[in-house]
Amino acid sequence: MVFVILNIALVALLFWFSTLVESVSDKKSSRPLINIVLLLAFNCVFMVIALIIGLKNQTYLLASLCKLFMFGFGTISVLSTVFVWLYPKEQKNFFSIIFTLLGVGVSFYVCFFTFNAVTLNSEVGLSISSENVWKYSFNWYEAYVFTYGYVLPALALLGALIKYKFAGTRLIRQQILIIMLGVITGAILLFFIHQLPTYGFNPLYVSIIAFTQAITLSLFYRAIKYTVLRDMRDVLFAIGRFSRSYILIAILAGISFALLYTFFATTPFVFFTLYFVVLTLLVLLRIKIVSFFERHSFSSSAHYDVQMEKELAEIDYTDPDLDIFETLGDILEKNVGTEKISIFLSSGGGVLQNFHNTKNEISINSPIFSHLVNEERDVVLRNQIGVVHILKPIANELEEFMQKNSAEVMFVLREGGTVFGALLLSAKRLENQYSDYDFKAFNTLYSYFFLAGYFMKNIANEEVVGTVSREIQMSGEIINSIQENVDPIENPKFDIGYLSMLAHDIGSEYIDFIKLNDTQHLFIIGDMSGKGINASMSVVIVKSIIRTFLAETEDFKLLIQKVNLFIRDNLPRGTFFSGLFGLIDDANNVLYYANCATPGLFMYNQVYN
């Protein structure tokens, strides 16, 4: 009965796993894997029914179900081999189609035309009698298990090795290595399960051979999920984290299962009760272990992201001697190992120009930027090109652009749907590769790069490229002119004005009036967090982005939500706005307003005095 439950659990897990693969992966590239997972799930259903029939000594349909299960086992082995051979390509070729048809055809013939008597019980496990293969000393069943259990995985490994040799990028090589690990792990576990009866274990362990294929498929999924390189440090941390969080607990659960089943096999209620208690204790143990290692920072997350965020946050934009280009480059070189950076910024005319080589430019309307904006992809690694599906439509253009500029990383600097710049990072020192950790860190710290790029575009203009050594008064005048740029509201129904008294020359007070049409005006009154030029920069950015959003939406509430998300995702961590959004509707004599963390709106009504 235990093996029935294990297979039922695997069925549920596989159906869940298929939905997981479909939801987090590109559907086109992962479709073959999803099909194999679903086939394995249905194959487990055949084993569940066969176990129930066999354990109750009901031989009706037992032979057919076991033959179906073995046919499914062989078919999955064939499809897995073809998956390995074709990876990372999705399309099948003539050879793969012929091999699939031949492999499935031979499997069908052997299972349904050479297998004779079938037995499935706790005394012999799964026993299938068949004639010897011609003049050889082994029968068809032994030859079938050997061929589809070990020969095909060996052929898959051979194909993977050839793919690895001619792989175009290191990322694909890393993915192929994980796939090879999956094939090897599955074959070793299959061999181990077949050897268990010789050491006195229950022969019915053979009924869980589907678990070996499930583990192989899970590693296939891990391979296609990796979209950036992982260096050896990341791999070691991942292995350690996986070992202490899962493998250790799984081994203890397996040992507990075997021991309890040995002593309480005849009393199922006692067995399940004790095993449930053991599993509960193991879950609590896992929680304690994970908590301990997280608390003591024994993980790959304790790299450079915390230190680099601190240094980026400490950039003083009020420093008259600030060279933001050099400062940013020094921070990236110190923490990431980047040898140099370059930046393209909008110079008008629909092009982005390189600061240090104005002849080197790229159109803002390039398919590269339009595609990345549509996909909301702000950080791109060169080793992702050709691997990440959403980058494939622009793979050639993106590769050419990155190669021309000797870049390995690109930050797309944009206000909503409008691109105003691109920050490029060169290769790391010692030819180290940008990894999954780098990709996550860059996305987390994107707001700081956005702020630096925006500062260079709007404050450090073409005449002071790469330096802000001019007097801070110049920056203050620019920011004040932008802050005071409001649309006057001229309407006989309204008498509108404002008074703002600044404690400093450059403040964070936010006042804006925007004319939407002849009858509607939008006004915003509030305060950005912080003080000085840093806060004023946030005011400038938000004023600009609101006008960008107004071109995309006419919904008052949706506008506020989009502004809120922009402040959270694109401005430095901790930045916030508190104030009031108002919409004056002249046609209907109505004032709509939304309170954004400002406690009170005071309105004088002459009727009520």
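The structure displayed is predicted, hence computed values, not measured ones.

Rules used throughout
- Residues numbered from 1 in each chain as written.
- Predicted model: local features only at pLDDT ≥ 70, side-chain atom pairs only at ≥ 80, totals over all residues.
- Heavy atoms only, no water.
- Helix = DSSP H or I, 4+ residues; strand = E, 2+ residues; numbered from the N terminus.
- Buried < 20%, exposed > 50% of the residue type's maximum accessible area, 1.4 Å probe, protein only.
- Contact = heavy atoms within 4.5 Å.
- Pairing = 2+ DSSP bridges.
- Phe/Tyr/Trp six-rings, centres within 6.5 Å; stacked < 30°, edge-to-face > 60°.
- Lys NZ or Arg CZ within 6 Å of the ring centre and 35° of its normal.
- 1 Å grid on protein atoms, 1.4 Å probe; cavity = no way out; pocket = protein on both sides within 12 Å on 5 of 7 lines; lining within 4 Å.
- Points joined across faces, edges and corners; volume = space filled by probe spheres on them.
- Nonpolar A, V, L, I, M, F, W, Y, C, P; charged D, E, K, R; others polar.
- pLDDT = per-residue confidence, 0-100.
- Patch = residues over 30% accessible without salt bridge, like charges linked within 9 Å, V, L, I, M, F, W, Y side chains within 5 Å.
- Areas by Shrake-Rupley, 256 points an atom, 1.4 Å probe, with all protein chains shown as cover.
- Salt bridge = Lys/Arg side-chain N within 4 Å of Asp/Glu carboxyl O.
- Core = buried A, V, L, I, M, F, W, Y, C linked by side-chain atoms within 4.5 Å.
- Axes fitted to C-alpha atoms, helices over the stretch in contact; angles between N-to-C directions.
- Parallel < 35°, antiparallel > 145°, perpendicular 65-115°, else oblique.
- Left-handed = near helix turned anticlockwise from the far one by under 90°.
- Arc of directions from axis to C-beta.

Peer 1: How would you sum up the side chain of Gln 213? Please name residues and give values.
Peer 2: Structurally, the position occupied by Gln 213 is in helix H7 (residues 210-225). What makes Gln 213 buried here is its relative accessible area of 11%. Discounting chain neighbours no more than four positions away, the residues touching Gln 213 are Leu 40, Phe 73, Ile 76 and Ser 77.

Peer 1: Lay out the pairing of strand E3 (residues 341-346) with the relevant residues and their values.
Peer 2: Taking burial as the measure, the six residues of E3 include five buried ones, the bulk of the element. Direction of pairing for E3 relative to strand E8 (residues 418-425): antiparallel, over a ladder of five bridges. Its bridge partner being in E8, Ser 342 is matched across the sheet by Leu 424. In the sheet, E3 pairs with strand E4 (residues 351-354) via three bridges, with the strands oriented antiparallel. Residue pairing across strands places Leu 345 opposite Gln 353, the latter belonging to E4. In textbook terms, the turn of a hairpin is the stretch between consecutive antiparallel strands, and for E3 and E4 this stretch comprises four residues, one of which, Gly 348, has a positive phi near 90°.

Peer 1: If you had to explain the packing of aromatic side chains to someone new, which residues and values would you point to?
Peer 2: Counted according to the given criterion, the structure contains 40 aromatic pairs. Summarising the aromatic geometry, the rings of Phe 108 and Phe 112 are spaced 4.8 Å apart at their centres and angled 35° between planes, so their arrangement reads as tilted. Placement of the pair is Phe 108 and Phe 112 together in helix H4 (residues 94-113), with a separation of four residues, close to one helical turn. On the accessibility criterion, Phe 108 (39% relative accessible area) is partly exposed. Between Tyr 304 and Tyr 437, the aromatic rings sit 5.0 Å apart at their centres with planes inclined by 80°, giving edge-to-face as the arrangement. Of this pair, Tyr 304 sits in the loop between helix H9 (268-295) and helix H10 (305-313) while Tyr 437 sits in helix H14 (residues 436-444), and the two are 133 residues apart along the sequence. The residues Tyr 304 and Tyr 437 share a single accessibility class, namely buried. Sitting over the ring of Tyr 164, Arg 173 keeps its end group 5.9 Å from the ring centre.

Peer 1: Give a detailed account of empty space enclosed by the protein, specifying residues and quantitative values.
Peer 2: Under the criterion given, the structure shown has four cavities of 30 Å³ or more. Lining the largest cavity are 20 residues, and of these Ser 77, Ser 80, Pro 153, Gln 213 and Thr 216 lie nearest its centre. Broken down by element, the lining of the largest cavity gets its largest block of residues, six residues, from helix H3 (residues 62-86). Of the residues belonging to the lining of the largest cavity, the class tally is 12 nonpolar, eight polar and no charged.

Peer 1: Explain the environment of Tyr 109 to me, using residue names and the numbers behind them.
Peer 2: Relative to the assigned elements, Tyr 109 resides in helix H4. The partly exposed category is assigned to Tyr 109, whose relative accessible area is 43%. Spatially, the C-alpha atoms of Tyr 109 and Phe 71 are 9.1 Å apart, while their sequence positions differ by 38 residues.

Peer 1: Tell me about the confidence of the model for the protein, and please be specific about residues and values.
Peer 2: The predicted model of the protein averages 82 in pLDDT, with 87% of residues at 70 or higher. Across residues 298-302 the pLDDT falls below 50, and counting only partners more than four positions away or on other chains, this stretch makes 11 contacts in the model. This model gives residues 461-472 a pLDDT under 50, and the stretch forms 27 contacts once residues within four places in sequence are excluded.

Peer 1: Break down a nonpolar patch on the surface for me, with residues and values.
Peer 2: The grouping of Phe 242, Tyr 246, Ile 247, Ile 251, Ile 255, Leu 259 and Phe 263 at the surface amounts to a nonpolar patch, some 730 Å² of accessible area in total. Note on placement: Ile 255 falls in helix H8 (residues 232-264).

Peer 1: Go over the pattern of salt bridges with me, naming the residues and quoting the values.
Peer 2: Side-chain pairs of opposite charge can arise where the charged atoms are in close proximity. For the structure shown, the criterion picks out nine salt bridges. As a salt-bridge pair, Asp 378 and Arg 414 come within 2.7 Å of each other at their nearest N and O atoms. One end of the pair, Asp 378, is in the loop between helix H12 (367-374) and strand E6 (379-381); the other, Arg 414, is in strand E7 (residues 409-415), with 36 residues separating them in the sequence. For the pair formed by Asp 378 and Arg 414, the shared burial category is buried. Here the salt bridges share partners, and the residues they tie into one network are Arg 382, Glu 399 and Glu 408.

Peer 1: Give a detailed account of the nonpolar core, specifying residues and quantitative values.
Peer 2: In this structure, Met 308, Phe 411, Phe 442 and Phe 581 are the most contacted members of the largest nonpolar core, which totals 64 residues. No other element matches the nine residues that helix H15 (residues 446-458) contributes to this core. With residues up to four places along the chain from it excluded, the contact list for Phe 411 reads Asp 378, Val 379, Gly 421, Ala 422, Leu 423, Leu 425, Phe 442, Tyr 446 and Phe 449. Grouped together as the second largest cluster of nonpolar side chains are 50 residues, Val 4, Phe 73, Ile 128 and Leu 190 included.

Peer 1: I'd like to hear about the sheet that holds strand E11 (residues 577-585), residue by residue, with values.
Peer 2: Taken in spatial order, the four strands line up as E9-E10-E11-E12 in an open sheet, and their pairing is antiparallel. Looking at strand neighbours, the two that pair on one side only are strand E9 (509-515) and strand E12 (590-596), the edges of this open sheet. On average, each strand axis in the sheet is tilted by 10° relative to the strand beside it, whichever way the strands run. Examined bridge by bridge, E9 and strand E10 (residues 520-528) share seven bridges and lie antiparallel to one another. By the bridge assignment for E10, Lys 515 is matched with His 521. Across the sheet, helix H18 (residues 556-570) touches E10, E11 and E12, and the angle it forms with E11 is around 160°.

Peer 1: Any chance you could break down the packing of H3 against H7 for me, citing the residues and the numbers?
Peer 2: Packing of H3 against H7 leaves a shortest axis separation of 12 Å and a crossing angle of 20°. Here H3 is positioned roughly parallel relative to H7, judged by the angle of their axes. Seen along the crossing, H3 lies across H7 with a hand that is left-handed. Contacts between H3 and H7 pair Phe 73, Ile 76, Ser 77, Ser 80, Phe 83 and Val 84 from the former with Gln 213, Leu 217, Phe 220 and Ile 224 from the latter.

Peer 1: Run through helix H13 (residues 395-404), naming residues and quoting values.
Peer 2: Structurally, the α-helix is built with 3.6 residues per turn, so residues lying three or four positions apart point the same way. Here H13 has its buried residues at Ala 395, Leu 398, Phe 401 and Met 402. Along H13, the residues classed as buried sweep out an arc of 135° about the axis, all on the same side. Facing away from the buried side of H13 by over 90 degrees, the exposed positions are Asn 396, Glu 400, Gln 403 and Lys 404. Following H13 by one or two positions, Ser 406 adopts a phi angle in the positive range, close to 50°.

Peer 1: I'd like a description of unusual backbone geometry, backed by residues and values.
Peer 2: Located in the positive-phi region is Glu 376, a residue other than glycine, with phi close to 55°. The topology assignment puts Glu 376 in the loop between H12 and E6. Overall, the relative accessible area of 62% leaves Glu 376 in the exposed class. Phi at Ser 406 takes a positive value of approximately 50°, unusual for a residue other than glycine. Given the relative accessible area of 42%, Ser 406 is considered partly exposed.

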